[in-house]
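# Close look at the chain arrangement
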Amino acid sequence: MMKRKLALWAALALALGPTLLQAQSSYPNRGVKIIVPFAPGGASDFVGRIIQPRLSELLGQPIVIENRGGAAGTIGMEVAARSAPDGYTLVLGNVGSTAINPGVFTNLSINNLRDFIPVTQVVDVPGVLIVHPSVPVSSVKELVAYVKANPGKLNYASPGSGSQNRLEMEVFRKDAQLDMVHVPYKGGAGPAVTGLVAGETQMMFSTVSSAMGHIKGGRLKALAITSPNRIKELPDLPTMKESGYVDGSSGSWQGVLVPAGTPREVVERLYAVLVQTMKTPDVIERLAKGGAEAVTSSSPKTFAEFIAAETRRWGKVAKESGAIAD
């Protein structure tokens, strides 16, 4: 009887084997969802909607963007982590939602290093140090001198106490030994930048994509870029490193992750099409106009190692500054 059962199981496995293999190799055979863990209109939404059409074309299936904002990206990341690990739910994580939040939130229900498989980085969005036009400075050096001449009298904005923009300013404040007042805003970089334009605060670090229109429109003054090199859209703007602050180099990178347990074949397929997407001239051009640079990882493993290093880096800054999410 046992021999008969074993023979039956073996025959069944042989019969189903090709079907299972075909199902795996036919990925994707339906629409794919990309969770953007922030509200529409921000840098992540901007990137997601630019890569959406080309990625859909390469995968041969519709791509749906689902904005799940809230709690600095933690809500959307949690939704993504608990999704089926089948390749039909991706998440567009950024440095904040992926690497900074673990160091500033004390009650996270997920572990980004454990609960996701990183696929690839897709962009780097440089940050920029911006000031209100009423601040009588035109360089980082002049800003430092002005703040030191007015200790405790100037305010700096951020999208929240545990945000990357706040941590970038904490690094700058420590290096330059500046005495300023922190004014946290709610709801992403948009409200903070709007408050700066209105003169509620005097300065902040922001992503280039969030501030570009105000910079070019003369409503804000840009003093330095946080990327290692100058960017094409603002070629005359020096880097923080050029301005004398080596630790001021950072970027609001973004990348695609999938829930842990997603089959390796699916991860490899997604990696291949995402790299191809980010090499598309139209995608590169549209991203550049918004201040974002198309960047991909050499492999999913490399991206995973990068995220781990960034988590350690920003965790150290958060601990030293005492930054805790509101």
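Residues numbered from 1 in each chain as written. Predicted model: local features only at pLDDT ≥ 70, side-chain atom pairs only at ≥ 80, totals over all residues. Heavy atoms only, no water.

## Quick word on the layout of surface pockets
To keep things clear, this is the line we draw: Buriedness for pockets is judged along seven lines, at least five of which must meet protein on both sides within 12 Å for an open set on the 1 Å grid over protein atoms alone, while cavities are sets there where a 1.4 Å probe fits but cannot get out, and lining residues have an atom within 4 Å of a point. Grid points are joined across faces, edges and corners, and a volume is the space filled by probe spheres set on the points. Here a strand is any run of E in DSSP of at least two residues, a helix any run of H or I of at least four, and the numbering for each starts at the N terminus. Throughout, the ten residues Ala, Val, Leu, Ile, Met, Phe, Trp, Tyr, Cys and Pro are labelled nonpolar, Asp, Glu, Lys and Arg are labelled charged, and all others, Gly among them, are labelled polar.
Approximately 450 Å³ is the volume found for the second largest pocket. If you trace the second largest pocket, you find 23 residues lining it, with D124, P126, S227, I231 and E293 closest to the centre. Among the secondary structure elements, those contributing two or more residues to the lining of the second largest pocket are β4 (116-124), α11 (281-289), β11 (293-294) and α12 (300-321). Tallying contributions element by element places α12 first for the lining of the second largest pocket, with three residues. Class assignment for the residues of the lining of the second largest pocket results in nine nonpolar, seven polar and seven charged.

## Observations concerning the sheet that holds strand β2 (residues 63-67)
Our working definition: Only strands that DSSP links by at least two bridges are regarded as paired with each other. Note on contacts: a residue pair is in contact if any heavy atoms of the two residues lie within 4.5 Å. What counts as an axis is a line fitted to C-alpha atoms, over the stretch in contact for a helix, and the angles between N-to-C directions run from 0 to 180 degrees.
Pairing within the open sheet is mixed, and its six strands lie in the order β2-β1-β3-β10-β4-β11. Edge positions in the open sheet fall to β2 and β11, since each of these has one partner strand only. Contacting β4 and β10 (254-259), α12 crosses the sheet at an angle of about 85° to β4.

## Comments concerning empty space enclosed by the protein
Tallied over the entire structure, the rule returns two cavities of 30 Å³ or more. Every residue along the wall of the largest cavity is listed here: E168, V171, F172, F205, T226, M240, D247, G248, S250, R313 and W314. Of all elements in the fold, only α7 (164-176) and α12 reach the threshold of two or more residues within the lining of the largest cavity. Considering every element that reaches the lining of the largest cavity, the biggest residue donor is α7, with three residues. Across the lining of the largest cavity, the residue classes tally to five nonpolar, three polar and three charged.

## Observations concerning the packing of aromatic side chains
What counts here: Here a Phe, Tyr or Trp ring, Trp counted by its six-membered ring, pairs with any other such ring whose centre lies within 6.5 Å, and the pair is stacked when the planes are under 30 degrees apart, edge-to-face when over 60, and tilted otherwise. Lysine and arginine charges are scored as sitting over a ring when NZ or CZ, respectively, is within 6 Å of the ring centre and within 35 degrees of the ring normal.
Inspection of every chain in the model, using the stated rule, returns five aromatic pairs. Ring geometry for F172 against Y245: centres 5.2 Å apart, planes inclined by 85°, an arrangement best described as edge-to-face. One end of the pair, F172, is in helix α7; the other, Y245, is in the loop between β9 (221-225) and β10, and 73 residues separate them in sequence. A cation sits over an aromatic face here: R30 above Y88, 3.7 Å from the ring centre.

## A word on unusual backbone geometry
Stated formally: The classification of residues rests on relative accessible area computed with a 1.4 Å probe and restricted to protein chains. Under 20% of the type maximum is buried, over 50% is exposed, and intermediate values are partly exposed.
Of the consecutive residues Y27 and P28, the connecting peptide bond is found in the cis state with omega at -5°. Looking at where P28 falls in the secondary structure, it is placed in the loop between α1 (2-25) and β1 (32-36). Despite not being glycine, Q177 has its phi angle at roughly 55°, a positive value. Here Q177 shows up in the loop between α7 and β7 (181-184). Overall, the relative accessible area of 64% leaves Q177 in the exposed class.

## Comments concerning the pattern of salt bridges
Inclusion rule: A pairing counts as a salt bridge when a side-chain nitrogen of Lys or Arg comes within 4 Å of a carboxyl oxygen of Asp or Glu.
Applying the stated criterion to the full structure yields 16 salt bridges. The salt bridge involving E170 is made with R173; its shortest N-O contact spans 3.4 Å. Here R173 and E170 lie together in helix α7, a separation of three residues that amounts to about one turn. Between E242 and R230 there is a salt bridge; the shortest N-O distance is 3.1 Å. Within this pair, whereas E242 is found in the loop between β9 and β10, its partner R230 is found in the loop between β9 and β10, the two being separated by 12 residues in sequence. Connected through salt bridges with shared partners, the residues K33, E66 and R68 form a single ionic network.

## Overview of helix α10 (residues 264-278)
Our working rule: Each helix should span, by expectation, one fewer than its residue count multiplied by 1.5 Å.
In this model α10 runs 21 Å from its N-terminal to its C-terminal C-alpha over 15 residues, within 8% of the 21 Å that 1.5 Å per residue would give. Along α10, the residues that are buried comprise V266, V267, L270, Y271, V273, L274, V275, T277 and M278.

## Some details on the environment of V36
Within the secondary structure layout, V36 lies in strand β1. Considering only alpha carbons, one finds V36 and V95, 59 residues apart in sequence, at a separation of 13 Å.

## A closer look at the nonpolar core
Convention followed: We call a set of buried residues a nonpolar core when its members are Ala, Val, Leu, Ile, Met, Phe, Trp, Tyr or Cys and they connect through side-chain atoms within 4.5 Å of each other.
The biggest cluster of nonpolar side chains holds 32 residues, and the ones touching the most others in it are V119, V122, L270 and L287. Elements with a contribution of two residues or more to this core: β1, α2 (43-59), β2, β3 (89-94), β4, β10, α10 and α11. With eight residues, α10 is the largest single contributor of residues to this core. Leave out the neighbours within four places in its chain, and L270 touches Y27, L59, L90, V119 and V258. Counting 23 residues, the second-largest nonpolar core is a separate cluster that includes I35, M77, A81 and V171.

Any functional reading would require information beyond the geometric quantities listed.
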